[in-house]
Amino acid sequence: MKVLVTGGAGFIGANFVFYMLDKHPDYDIVCLDSLTYCGNLKTLDSVMDNPRFKFVKGDVTDRKLVFELFEEEKFNIVVNFAAESHVDRSIEDPGVFLRTNILGTQTLMDAAKEYGVERYHQVGTDEVYGDLPLDRPDLFFTEDMPLTASSPYSASKASADLLAMAYHRTYDMPVTISRCSNNYGPYQFPEKLIPLMIKNALADEQLPVYGTGENVRDWLYVEDHCKAIDMIIHNGKVGEVYNIGGHNERSNLDVVRTILKQVGKPESLITFVGDRKGHDLRYAIDPTKIHNELGWLPETGFDEGIRRTIDWYLDNRQWWEEIISGEYQQYYEKMYSNR
Ligand code: NAD
Ligand code: TYD
C-alpha cells in the first residue's frame, strides 16, 4: 500500500506519518508539504532516513506537480491534511485559506480521480458545524447537522467537505470525511492555545485569554485522532462523514489554569485580552457513529494527555525555541500587542 499524506510536516500530519509507519510495517508513506510557516522538516527528522518514507516539497494547488506525483507514485490512499489551520490568521487574511483549503482539495481530488485512487480521505474539522450555546450541555455535534461557518477558516473547510462529497456523488469517487475536535500533543505550532500557553508560562510571560475565557473546546490527544483516521480509511464506509471527539470539554480558562498548575506558575500570569471576532462559544462532538461502526474510542484522557504534552514541550525546547526565534516574533507582536 502506498499512502499520500499531504501536510505531513505540520502538527497532525506528522503525528499521522509516525503512527502509520509504526502501525503498518508494509506501507510506504509519501508526504507532500509546501513547508509554510508552520510546516517544519525538523519535525520529520526521525523518519527522513526510513526507506518506507519519502518527503516531497510542493504545493497542493500546483496542478502540474500534483498530477506528476500521482502518475509516478500510484497511490492507493490519499489523506489530505494540508491546510491553513489557524482561525486568527484567517480573520486577518482569508485569501490563502480559500486557495489552499478549497482549491488544494480540488486539485488533489482531480488527481485522485484521474489516477483511480482507492480511497480519498478529507481531514475536516468540527468547526464546520458552527458553535453550540454554553447553557445547553445536552447538545452535541452530530454528522447530520447543517454546516454553518463562523470564520473564514471554517468556511474554507466546510467548502472542502462539500466539494469532497460532491465528487463522491458526481464521479462516484471513494471519499470519506472526518471531522475532529481540537487536537493537542507534540509538535503543535505555538500559535494555538495549548502550546502558546505552555511556552508563555515557561517564560513567565502573560497568558492572553480571549474575552472571558468561558469558551469551551473538546480536546483530543493527537494520537487518538490518528488512530481514528487509520480506522476510517480502512473500514469506514465510502460517502460517509465521521465525527471524532472524546468528550473532553474544557473551558479555555480551565485549560490555562491546568497548564499553570502543572508548570508551577502563578495564575496572575493570566491576562484577559480583546475577544476574537466571531468567537465560537462551544464545540462538543458526539462520537457515537465512529464508536458504533468502527469501534473507535479515545485512549488518552485530558489529564494524562496534557501532562504528556507539557513534558514533550519541556523535553523538546529546541524544536519550539527555533520557531519562536524567527518571523514568529512579528506575528506575536501583530496579533497581541493592541488586543
Ligand atoms: P498545521 O497548520 O500544523 O499543518 C498544516 C500543514 O500543511 C503544514 O505542514 C503546512 O506546511 C502544510 N501546508 C499548508 N499549505 C499547504 C499547501 N498549499 N500545500 C502543501 N502543504 C501545505 O495544521 P494541523 O493542526 O496539523 O491540521 C491538519 C489538518 O487537520 C487541517 O486540515 C486542519 O483543518 C485539520 N484539523 C485540525 C485540528 C486541530 O485542532 N489542529 C482539528 C480538526 C481538524
Ligand atoms: P485555537 O487553539 O486557536 O483553536 P480553535 O480556535 O480552532 O478552537 O483556540 C482555542 C481556544 O482558545 C479558542 O476559544 C480561542 C482561545 N484562545 C485564547 O483565548 N488565547 C489565545 O492566545 C489563543 C491562540 C486562543
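How each quantity is defined
- Along every chain, residues carry numbers that run from 1 in the direction the sequence is written.
- Chain letters start at A and ligand numbers start at 1, both assigned in the order the entries are written.
- Local features in this predicted model are restricted to residues whose pLDDT is 70 or higher, and side-chain atom pairs enter the listing and the counts only when it is 80 or higher, whereas totals over whole chains, interfaces and linings include all residues.
- Processing note: side-chain calculations cover all non-hydrogen atoms of the structure and skip hydrogens and water entirely.
- In DSSP terms, a helix is any run of H or I states spanning at least four residues, a strand is any run of E spanning at least two, and both are numbered starting from the N terminus.
- Three exposure classes are used, based on accessible area relative to the maximum for each residue type with a 1.4 Å probe and protein chains only: buried under 20%, partly exposed in between, and exposed over 50%.
- By convention in this text, a residue qualifies as near a molecule or strand provided that one of its non-hydrogen atoms is within 4 Å of it.
- Definition of a polar contact: a pair of N or O atoms within 3.5 Å, with one able to donate and the other able to accept a hydrogen when the atoms are protein atoms, and with sequence-neighbouring residues admitted only if both atoms are side-chain atoms.
- Note on areas: these come from Shrake-Rupley sampling with a 1.4 Å probe, and a residue is covered only by the protein chains present in the view.
- Residue type decides the class: Asp, Glu, Lys and Arg count as charged, Ala, Val, Leu, Ile, Met, Phe, Trp, Tyr, Cys and Pro as nonpolar, and the leftover types, Gly among them, as polar.
- Pairing between two strands requires that DSSP report at least two bridges joining them.
- To obtain an axis, a line is fitted to C-alpha atoms, over the contacting stretch when the element is a helix, and the angle between two such axes runs from 0 to 180 degrees between their N-to-C directions.
- Any two residues having at least one pair of non-hydrogen atoms within 4.5 Å are treated as being in contact.
- Think of a nonpolar core as a cluster: buried Ala, Val, Leu, Ile, Met, Phe, Trp, Tyr and Cys residues, connected wherever their side-chain atoms sit within 4.5 Å.
- Both site types are read off a 1 Å grid over the protein atoms alone. A 1.4 Å probe that fits but cannot get out defines a cavity, while an open set with protein on both sides within 12 Å along at least five of seven lines defines a pocket; lining residues have an atom within 4 Å of a point.
- Grid points are joined across faces, edges and corners, and a volume is the space filled by probe spheres set on the points.
- In summary, the pairing rule links any two rings of Phe, Tyr or Trp, Trp by its six-membered ring, whose centres are within 6.5 Å, and it sorts them by plane angle into stacked for under 30 degrees, edge-to-face for over 60 and tilted for everything else.

Enquirer: Any chance you could explain the environment of F75 here in plain terms?
Expert: Considering the arrangement of structural elements, one finds F75 in the loop between α2 (63–73) and β4 (77–80). Residue classification places F75 among the buried residues on the basis of a relative accessible area of 4%. The spatial distance from the C-alpha of F75 to the C-alpha of V241 is 22 Å, given a sequence separation of 166 residues.

Enquirer: Honestly, the site of ligand 1 in this entry has me stumped. Any pointers?
Expert: Taken together, 29 residues form the shell around ligand 1, and within it I12, D33, S85, Y153 and K157 come nearest. Measuring from a nitrogen atom of ligand 1, one finds a backbone N or O atom of S34 at 3.1 Å. Compared with its free state, where it exposes 830 Å², ligand 1 has 97% of that area covered by protein. Those elements that provide at least two residues to the shell around ligand 1 are α1 (11–23), β5 (119–125) and α5 (152–171). Of the residues forming the shell around ligand 1, the biggest block, 3 residues, is contributed by β5. A class-by-class count of the residues in the shell around ligand 1 yields 12 nonpolar, 13 polar and 4 charged.

Enquirer: I'm lost on the site of ligand 2 in this one. Help?
Expert: Inspection of the region around ligand 2 gives 19 residues, with E127, R217, R276, H279 and Y336 positioned closest. Taking R217, its side chain carries an N or O atom lying 2.7 Å from an oxygen atom of ligand 2. Separating an oxygen atom of ligand 2 from a side-chain N or O atom of R276 is a distance of 2.4 Å. Residues that form the shell around ligand 2 fall into these classes: 9 nonpolar, 5 polar and 5 charged.

Enquirer: It is not clear to me how the sheet that holds strand β1 (residues 2–6) should be interpreted in this structure. Could you clarify?
Expert: Two pairing modes exist for strands in a sheet, parallel and antiparallel, and in both the strands are linked by backbone hydrogen bonds. Spatial strand order, β3-β2-β1-β4-β5-β6-β11: 7 strands in an open sheet with parallel pairing. With partners counted over all chains shown, the strands left at the sheet margins are β3 (53–57) and β11 (241–244), one partner each. Across the sheet, the mean angle from the axis of one strand to that of its neighbour is 20 degrees, orientation sign disregarded. In this fold helix α4 (residues 95–114) packs onto β1, β4, β5 and β6 (175–180), with an angle of close to 165 degrees to the strand it touches most, β5.

Enquirer: Got a minute to help me understand the nonpolar core in this structure?
Expert: Side chains of a nonpolar character, in soluble globular proteins, are inclined to be buried together. Counting residues in hydrophobic clusters, the biggest one holds 37 residues, and the most contacted among them are I194, I259 and Y328. Taken together, the elements giving at least two residues each to this core come down to α6 (193–202), β8 (207–210), α8 (252–263), β13 (270–273), α10 (302–315), α11 (317–324) and α12 (328–336). Residue contacts for Y328: discarding those within four places in its chain leaves F189, P190, E191, L196, K199 and I323.

Enquirer: I keep staring at empty space enclosed by the protein and nothing clicks. Help me out?
Expert: Left-over empty space is what a probe sized like a water molecule reveals as it rolls over the atoms. For the structure shown, the criterion picks out 2 cavities of 30 Å³ or more. Along its surface, the largest cavity is lined by V87, E127, S150, S151, R217, R276, K277, G278, H279, D280 and Y283. Among the residues making up the lining of the largest cavity, the classes are represented as 2 nonpolar, 4 polar and 5 charged. By volume, the second largest cavity is sized at about 40 Å³.

Enquirer: Is there a simple way to think about the pairing of β1 in this case?
Expert: When a strand is regular, its side chains alternate between the sheet's two faces. Among the 5 residues that make up β1, 4 are buried, leaving the element largely enclosed by the rest of the structure. Where β1 and strand β2 (residues 28–33) come together, 5 bridges link them in parallel fashion. The residue bridging V5 from the neighbouring strand is C31, located in β2. Alignment of β1 against β4, held across 4 bridges, turns out to be parallel. In the strand pairing of β4, L4 is matched with V78.

Enquirer: Just to check I follow, could you spell out the packing of aromatic side chains for this structure?
Expert: Centre-to-centre distance and the angle between the planes together describe a pair of aromatic rings. Going through the model one piece at a time under the given rule, you end up with 23 aromatic pairs. Judged by centre distance (6.2 Å) and plane angle (85 degrees), the rings of Y184 and W219 are edge-to-face. In this pair, Y184 sits in strand β7 (residues 183–184) while W219 sits in the loop between β9 (216–218) and β10 (220–221), placing the two residues 35 residues apart along the sequence. Here the aromatic rings of W312 and W319 are separated by 5.4 Å at their centres, their planes lie at 70 degrees, and the arrangement is edge-to-face. Assigned by exposure class, W312 and W319 land together as buried.

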